[in-house]
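Structural features, examined
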Amino acid sequence: MSRFPLILSVLASALLAAPAALAQEQTRKPSHCIAIADAAPGLEYVQTASFGAPLEEFTVRLSYIAHASFLIEGPQGFTAVTDYTGFLGNTGFFPDVATMNNAHSTHWTATPDPRIPHVLPGWNTEGPNPVEHYLDLGEVLVRNVPTDVRSGFGAVSAPLGNSIFVFEIAGLCIGHLGHLHHEPNDMQYAALGRLDVVMAPVDGGYTVPQDVMISILRRLRSSVIVPMHWFGDFTLQSFLTGMASEFRVELRDTSYLEVSLRTLPPEPTVVVLRPAWLRDDDL
(Lines give C-alpha, C1' and ligand atoms only; values in the text may rest on other atoms or scores of the structure.)
Protein backbone atom coordinates (compact mmCIF):
# COMPACT_ATOMS: atom_id res chain seq x y z
CA MET A 1 0.00 0.00 0.00
CA SER A 2 1.33 3.44 -0.98
CA ARG A 3 2.20 5.80 1.86
CA PHE A 4 1.43 8.89 -0.28
CA PRO A 5 -2.25 9.22 0.85
CA LEU A 6 -1.12 8.82 4.46
CA ILE A 7 1.45 11.61 4.06
CA LEU A 8 -1.19 13.88 2.53
CA SER A 9 -3.53 13.13 5.44
CA VAL A 10 -0.85 14.00 8.00
CA LEU A 11 0.00 17.26 6.19
CA ALA A 12 -3.67 18.21 6.01
CA SER A 13 -4.10 17.61 9.74
CA ALA A 14 -1.05 19.77 10.51
CA LEU A 15 -2.31 22.60 8.33
CA LEU A 16 -5.70 22.52 10.01
CA ALA A 17 -4.11 22.60 13.46
CA ALA A 18 -1.66 25.39 12.63
CA PRO A 19 -4.08 28.36 12.83
CA ALA A 20 -5.30 27.27 16.26
CA ALA A 21 -1.75 26.84 17.53
CA LEU A 22 -0.72 30.20 16.06
CA ALA A 23 -3.69 31.93 17.67
CA GLN A 24 -2.74 30.45 21.03
CA GLU A 25 0.84 31.66 20.65
CA GLN A 26 -0.32 35.18 19.78
CA THR A 27 -2.67 35.50 22.76
CA ARG A 28 -0.07 37.51 24.67
CA LYS A 29 2.11 40.09 22.94
CA PRO A 30 5.76 39.24 23.67
CA SER A 31 7.09 41.01 26.75
CA HIS A 32 9.85 43.61 26.61
CA CYS A 33 11.13 42.77 30.09
CA ILE A 34 14.71 42.51 28.91
CA ALA A 35 14.67 44.97 26.01
CA ILE A 36 14.11 48.71 26.41
CA ALA A 37 10.77 49.63 24.91
CA ASP A 38 10.89 52.07 22.00
CA ALA A 39 9.14 55.27 23.05
CA ALA A 40 8.30 57.90 20.47
CA PRO A 41 8.87 61.50 21.69
CA GLY A 42 5.81 63.67 21.95
CA LEU A 43 3.28 60.95 22.69
CA GLU A 44 1.18 61.42 25.81
CA TYR A 45 -0.71 58.99 28.00
CA VAL A 46 -4.26 58.17 26.98
CA GLN A 47 -6.78 58.87 29.75
CA THR A 48 -10.27 58.24 28.49
CA ALA A 49 -11.98 56.10 31.09
CA SER A 50 -11.61 54.53 34.52
CA PHE A 51 -12.18 51.21 36.31
CA GLY A 52 -14.03 48.63 34.24
CA ALA A 53 -14.27 50.51 30.93
CA PRO A 54 -13.03 48.83 27.72
CA LEU A 55 -9.40 49.31 26.79
CA GLU A 56 -7.72 49.75 23.44
CA GLU A 57 -5.59 46.93 22.09
CA PHE A 58 -2.19 46.54 23.84
CA THR A 59 -3.19 49.06 26.52
CA VAL A 60 -3.10 48.48 30.28
CA ARG A 61 -4.88 50.47 32.98
CA LEU A 62 -3.38 50.91 36.45
CA SER A 63 -5.69 52.16 39.20
CA TYR A 64 -4.26 53.12 42.59
CA ILE A 65 -6.70 51.78 45.19
CA ALA A 66 -4.94 52.42 48.52
CA HIS A 67 -1.62 51.96 50.34
CA ALA A 68 0.13 49.39 48.09
CA SER A 69 -2.93 47.99 46.32
CA PHE A 70 -3.36 48.59 42.59
CA LEU A 71 -5.85 47.23 40.10
CA ILE A 72 -4.23 46.12 36.85
CA GLU A 73 -6.60 45.74 33.87
CA GLY A 74 -5.64 44.22 30.53
CA PRO A 75 -7.19 44.80 27.10
CA GLN A 76 -8.69 41.29 26.94
CA GLY A 77 -10.38 41.53 30.34
CA PHE A 78 -7.66 40.31 32.71
CA THR A 79 -7.64 41.88 36.18
CA ALA A 80 -5.23 41.67 39.12
CA VAL A 81 -4.96 43.39 42.49
CA THR A 82 -1.57 43.82 44.14
CA ASP A 83 -0.93 43.50 47.89
CA TYR A 84 -4.56 42.49 48.32
CA THR A 85 -5.98 43.06 51.83
CA GLY A 86 -9.53 41.81 51.31
CA PHE A 87 -11.16 45.22 50.89
CA LEU A 88 -11.31 47.10 47.58
CA GLY A 89 -14.09 49.60 48.27
CA ASN A 90 -17.84 49.73 47.73
CA THR A 91 -17.82 47.02 45.13
CA GLY A 92 -18.62 43.38 44.56
CA PHE A 93 -15.76 43.14 42.10
CA PHE A 94 -13.12 40.43 42.49
CA PRO A 95 -10.00 40.08 40.32
CA ASP A 96 -8.60 37.12 38.41
CA VAL A 97 -5.36 37.33 40.40
CA ALA A 98 -4.51 38.70 43.84
CA THR A 99 -0.90 39.03 45.00
CA MET A 100 0.04 39.47 48.66
CA ASN A 101 3.04 40.06 50.94
CA ASN A 102 3.02 39.23 54.65
CA ALA A 103 5.78 41.59 55.79
CA HIS A 104 3.01 43.77 57.19
CA SER A 105 -0.68 43.19 57.91
CA THR A 106 -1.71 45.96 55.50
CA HIS A 107 -0.38 43.97 52.53
CA TRP A 108 -2.27 40.69 52.79
CA THR A 109 -5.26 38.90 54.26
CA ALA A 110 -5.65 35.44 55.76
CA THR A 111 -9.16 35.22 54.29
CA PRO A 112 -9.03 36.23 50.60
CA ASP A 113 -12.31 36.27 48.67
CA PRO A 114 -12.92 32.62 47.68
CA ARG A 115 -14.15 33.76 44.25
CA ILE A 116 -10.63 34.90 43.27
CA PRO A 117 -9.27 32.15 40.98
CA HIS A 118 -5.57 32.78 41.70
CA VAL A 119 -4.26 34.02 45.06
CA LEU A 120 -0.47 34.34 45.00
CA PRO A 121 1.27 34.84 48.36
CA GLY A 122 4.75 36.32 48.17
CA TRP A 123 6.01 33.84 50.75
CA ASN A 124 5.91 30.06 51.09
CA THR A 125 2.91 29.20 53.25
CA GLU A 126 4.12 25.60 53.69
CA GLY A 127 7.77 25.93 54.64
CA PRO A 128 10.99 27.98 54.75
CA ASN A 129 11.89 27.72 51.07
CA PRO A 130 11.07 30.70 48.81
CA VAL A 131 7.85 30.51 46.84
CA GLU A 132 8.01 30.41 43.05
CA HIS A 133 5.14 31.67 40.89
CA TYR A 134 4.99 31.42 37.11
CA LEU A 135 1.32 31.81 36.23
CA ASP A 136 0.62 31.89 32.48
CA LEU A 137 -2.98 32.87 31.77
CA GLY A 138 -2.54 33.55 28.07
CA GLU A 139 -3.15 37.31 28.16
CA VAL A 140 -0.72 37.73 31.03
CA LEU A 141 2.23 36.05 32.67
CA VAL A 142 2.56 36.66 36.43
CA ARG A 143 5.85 35.78 38.11
CA ASN A 144 7.67 36.70 41.31
CA VAL A 145 11.17 37.55 42.47
CA PRO A 146 11.59 36.67 46.19
CA THR A 147 13.19 39.20 48.56
CA ASP A 148 14.04 39.13 52.28
CA VAL A 149 11.83 40.24 55.13
CA ARG A 150 13.94 42.24 57.58
CA SER A 151 13.39 43.57 61.09
CA GLY A 152 13.50 47.23 62.03
CA PHE A 153 17.19 46.78 62.85
CA GLY A 154 18.05 45.39 59.40
CA ALA A 155 18.43 41.76 60.45
CA VAL A 156 16.90 39.15 58.14
CA SER A 157 13.83 37.73 59.87
CA ALA A 158 12.50 35.73 56.91
CA PRO A 159 14.94 34.99 54.08
CA LEU A 160 13.16 35.39 50.73
CA GLY A 161 9.84 35.73 52.57
CA ASN A 162 8.52 38.62 50.46
CA SER A 163 8.14 38.97 46.69
CA ILE A 164 8.33 41.51 43.93
CA PHE A 165 5.61 40.58 41.43
CA VAL A 166 6.03 41.09 37.70
CA PHE A 167 3.17 41.20 35.19
CA GLU A 168 4.04 40.67 31.53
CA ILE A 169 1.01 41.92 29.62
CA ALA A 170 0.28 43.70 26.32
CA GLY A 171 4.01 43.78 25.56
CA LEU A 172 4.70 45.66 28.79
CA CYS A 173 6.66 44.51 31.80
CA ILE A 174 5.05 45.88 34.97
CA GLY A 175 6.64 45.43 38.39
CA HIS A 176 5.20 45.90 41.88
CA LEU A 177 7.97 46.16 44.48
CA GLY A 178 5.67 45.27 47.38
CA HIS A 179 6.87 45.81 50.95
CA LEU A 180 10.53 45.91 49.92
CA HIS A 181 13.04 45.80 52.79
CA HIS A 182 16.39 45.95 50.97
CA GLU A 183 17.99 46.76 47.66
CA PRO A 184 17.84 43.76 45.31
CA ASN A 185 21.12 41.99 44.63
CA ASP A 186 22.49 41.51 41.12
CA MET A 187 20.71 38.20 40.65
CA GLN A 188 17.41 39.72 41.70
CA TYR A 189 17.87 42.69 39.38
CA ALA A 190 18.60 40.25 36.55
CA ALA A 191 15.48 38.23 37.38
CA LEU A 192 13.35 41.38 37.27
CA GLY A 193 14.61 42.34 33.82
CA ARG A 194 13.65 45.61 32.17
CA LEU A 195 10.54 47.00 33.89
CA ASP A 196 8.61 49.46 31.73
CA VAL A 197 6.38 50.44 34.68
CA VAL A 198 7.19 50.05 38.36
CA MET A 199 5.10 50.69 41.48
CA ALA A 200 7.48 51.67 44.27
CA PRO A 201 7.04 52.15 48.07
CA VAL A 202 8.47 55.55 48.98
CA ASP A 203 7.63 55.92 52.70
CA GLY A 204 11.30 55.72 53.68
CA GLY A 205 10.60 54.02 57.00
CA TYR A 206 8.63 50.80 57.01
CA THR A 207 10.23 49.81 53.70
CA VAL A 208 13.68 50.87 52.43
CA PRO A 209 14.99 54.39 53.17
CA GLN A 210 14.15 56.91 50.46
CA ASP A 211 17.76 57.28 49.32
CA VAL A 212 17.93 53.51 48.82
CA MET A 213 14.65 53.50 46.90
CA ILE A 214 15.89 56.35 44.69
CA SER A 215 19.06 54.33 44.02
CA ILE A 216 16.94 51.29 43.09
CA LEU A 217 14.80 53.33 40.71
CA ARG A 218 17.86 54.91 39.11
CA ARG A 219 19.19 51.45 38.36
CA LEU A 220 15.85 50.11 37.09
CA ARG A 221 15.43 53.20 34.89
CA SER A 222 11.80 52.35 34.20
CA SER A 223 9.83 54.55 31.82
CA VAL A 224 7.02 55.04 34.35
CA ILE A 225 7.38 55.08 38.14
CA VAL A 226 4.23 55.18 40.27
CA PRO A 227 4.86 56.04 43.96
CA MET A 228 2.88 54.16 46.59
CA HIS A 229 3.00 53.62 50.34
CA TRP A 230 3.72 57.28 51.02
CA PHE A 231 1.63 58.08 54.15
CA GLY A 232 0.98 61.73 53.33
CA ASP A 233 2.07 64.54 51.05
CA PHE A 234 5.14 65.49 53.10
CA THR A 235 6.70 62.04 52.59
CA LEU A 236 5.69 62.04 48.95
CA GLN A 237 7.19 65.49 48.34
CA SER A 238 10.46 64.44 49.95
CA PHE A 239 10.68 61.53 47.51
CA LEU A 240 9.79 63.70 44.52
CA THR A 241 12.47 66.22 45.47
CA GLY A 242 15.03 63.44 45.51
CA MET A 243 13.92 62.21 42.08
CA ALA A 244 13.51 65.55 40.31
CA SER A 245 17.13 65.98 39.21
CA GLU A 246 17.05 62.91 36.95
CA PHE A 247 13.38 62.08 36.42
CA ARG A 248 10.47 64.06 35.07
CA VAL A 249 7.63 64.40 37.62
CA GLU A 250 3.98 64.44 36.61
CA LEU A 251 1.19 65.03 39.15
CA ARG A 252 -2.25 63.62 38.38
CA ASP A 253 -5.60 64.44 39.96
CA THR A 254 -6.89 60.98 39.01
CA SER A 255 -6.37 57.54 40.53
CA TYR A 256 -5.54 55.78 37.27
CA LEU A 257 -3.51 55.90 34.09
CA GLU A 258 -3.60 54.00 30.83
CA VAL A 259 -0.32 53.06 29.20
CA SER A 260 0.97 51.04 26.26
CA LEU A 261 4.32 50.56 24.54
CA ARG A 262 3.47 53.30 22.08
CA THR A 263 2.63 55.82 24.83
CA LEU A 264 5.61 55.29 27.14
CA PRO A 265 7.20 58.70 27.85
CA PRO A 266 10.43 59.64 26.07
CA GLU A 267 12.20 60.07 29.40
CA PRO A 268 11.78 58.27 32.76
CA THR A 269 8.78 59.83 34.48
CA VAL A 270 7.36 59.68 38.00
CA VAL A 271 3.56 59.68 37.71
CA VAL A 272 1.78 60.51 40.97
CA LEU A 273 -1.73 59.06 41.26
CA ARG A 274 -4.26 59.81 43.99
CA PRO A 275 -5.61 56.63 45.62
CA ALA A 276 -9.35 55.93 45.42
CA TRP A 277 -11.41 52.93 46.49
CA LEU A 278 -13.20 51.01 43.75
CA ARG A 279 -16.93 51.59 43.31
CA ASP A 280 -19.52 49.57 41.45
CA ASP A 281 -20.74 52.89 39.98
CA ASP A 282 -17.54 52.88 37.88
CA LEU A 283 -18.33 49.54 36.27
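Up top is the structure.
Attention here is on the structure that accompanies the text.

Rules used in this analysis
Residues numbered from 1 in each chain as written. Predicted model: local features only at pLDDT ≥ 70, side-chain atom pairs only at ≥ 80, totals over all residues. Heavy atoms only, no water. Helix = DSSP H or I, 4+ residues; strand = E, 2+ residues; numbered from the N terminus. Buried < 20%, exposed > 50% of the residue type's maximum accessible area, 1.4 Å probe, protein only. Contact = heavy atoms within 4.5 Å. Areas by Shrake-Rupley, 256 points an atom, 1.4 Å probe, with all protein chains shown as cover. Pairing = 2+ DSSP bridges. Axes fitted to C-alpha atoms, helices over the stretch in contact; angles between N-to-C directions. Core = buried A, V, L, I, M, F, W, Y, C linked by side-chain atoms within 4.5 Å. Parallel < 35°, antiparallel > 145°, perpendicular 65-115°, else oblique. Left-handed = near helix turned anticlockwise from the far one by under 90°. Nonpolar A, V, L, I, M, F, W, Y, C, P; charged D, E, K, R; others polar. Arc of directions from axis to C-beta. Phe/Tyr/Trp six-rings, centres within 6.5 Å; stacked < 30°, edge-to-face > 60°.

Of the regular secondary structure elements, the protein holds 4 helices and 16 strands. Going through the 283 residues of the protein one by one, you find that 49% of them count as buried. Pairs at least 24 apart in sequence give 59% of the contacts found in the protein among residues at least 6 apart. For the protein, the exposed area adds up to about 13,500 Å²; of that, 57% sits on carbon and sulfur atoms.

Right, let's talk about the sheet that holds strand 10 (residues 172–176) for a bit. The strand order across the open sheet built from 8 strands is 7-8-9-10-11-12-15-13, with neighbouring strands paired in mixed fashion. In this open sheet, the two edge strands, each paired with only one partner strand, are strand 7 (134–136) and strand 13 (248–251). Adjacent strand axes in the sheet meet at a mean angle of 20° when their direction is disregarded. In the sheet, strand 7 pairs with strand 8 (residues 140–150) via 3 bridges, with the strands oriented antiparallel. Pairing of aspartate 136 across the sheet is with leucine 141, part of strand 8. On the sheet, helix 3 (residues 210–220) packs against strand 11 (197–201) and strand 12 (224–228) and is oriented at approximately 170° with respect to strand 11. Across the sheet, helix 4 (residues 233–243) is in contact with strand 12, strand 13 and strand 15 (269–272); its angle to strand 15 comes to roughly 165°.

Soluble globular proteins tend to pack their nonpolar side chains together in the buried interior. Counting 58 residues, the largest nonpolar core has Ile174, Met213, Leu217 and Phe239 as its most contacted members. For methionine 213, the contacting residues outside a window of four places in its chain are Leu177, Leu180, Ala200, Pro201, Val202, Val208 and Phe239. Formed by 13 residues, the second largest nonpolar core is a distinct cluster that contains Ile65, Ala98, Met100 and Ile116.

Another point: unusual backbone geometry. Backbone geometry at aspartate 83 places phi at a positive 40°, although glycine is not the residue there. Relative to the helices and strands, aspartate 83 is located in the loop between strand 3 (79–81) and strand 4 (89–90). You can call aspartate 83 buried: its relative accessible area is 0%. Notably, leucine 160 is not glycine yet its phi reads approximately 55°, a positive angle. Examined against the element boundaries, leucine 160 turns out to sit in strand 9 (residues 156–169).

Before going further, it helps to spend a moment on the environment of glycine 193. Its location among the elements puts glycine 193 in the loop between helix 2 (186–192) and strand 11. Relative accessible area serves as the criterion here: at 18%, glycine 193 is assigned to the buried category. Along the sequence, glycine 193 and leucine 220 sit 27 residues apart, while their C-alpha atoms lie 8.5 Å from each other.

Time to look at the packing of helix 3 against helix 4. Helix 4 packs onto helix 3 with a crossing angle of 45° between their chain directions and a minimal axis gap of 10 Å. Here helix 3 is positioned oblique relative to helix 4, judged by the angle of their axes. With respect to the hand of their crossing, helix 3 and helix 4 are arranged in right-handed fashion. When helix 3 is examined against helix 4, the residues Gln210, Met213, Ile214, Leu217 and Arg218 are found in contact with a partner set consisting of Thr235, Ser238, Phe239, Gly242 and Met243. A per-class count over the contact of helix 3 with helix 4 returns 5 nonpolar, 4 polar and 1 charged.

All of the buried residues in helix 4 are Thr235, Leu236, Phe239, Leu240 and Met243. On an axial view of helix 4, the arc spanned by its buried residues comes to 135°, and they lie on one face. Those residues of helix 4 that are exposed and aimed more than 90 degrees away from the buried face are Phe234 and Thr241. Here the buried face of helix 4 lies against helix 3, strand 12, strand 13 and strand 15.

The full count for this structure, using the stated rule, is 5 aromatic pairs. Seen in terms of ring centroids, phenylalanine 87 and tryptophan 277 are 4.9 Å apart; in terms of plane orientation they differ by 65°. Their pairing is edge-to-face. Of the two residues, phenylalanine 87 sits in the loop between strand 3 and strand 4 while tryptophan 277 sits in the loop between strand 15 and strand 16 (278–279), which places them 190 residues apart along the sequence. Under the relative-accessibility criterion, tryptophan 277 is labelled partly exposed at 46%.

On to the environment of proline 95. For proline 95, the location among the structural elements is in the loop between strand 4 and strand 5 (97–100). Sequence spacing of proline 95 and tyrosine 84 is 11 residues, and the spatial spacing of their C-alpha atoms is 10.0 Å. Excluding its chain neighbours within four sequence positions, the residues that come into contact with proline 95 are Thr79, Ala80, Val81, Leu88, Ile116 and Pro117.

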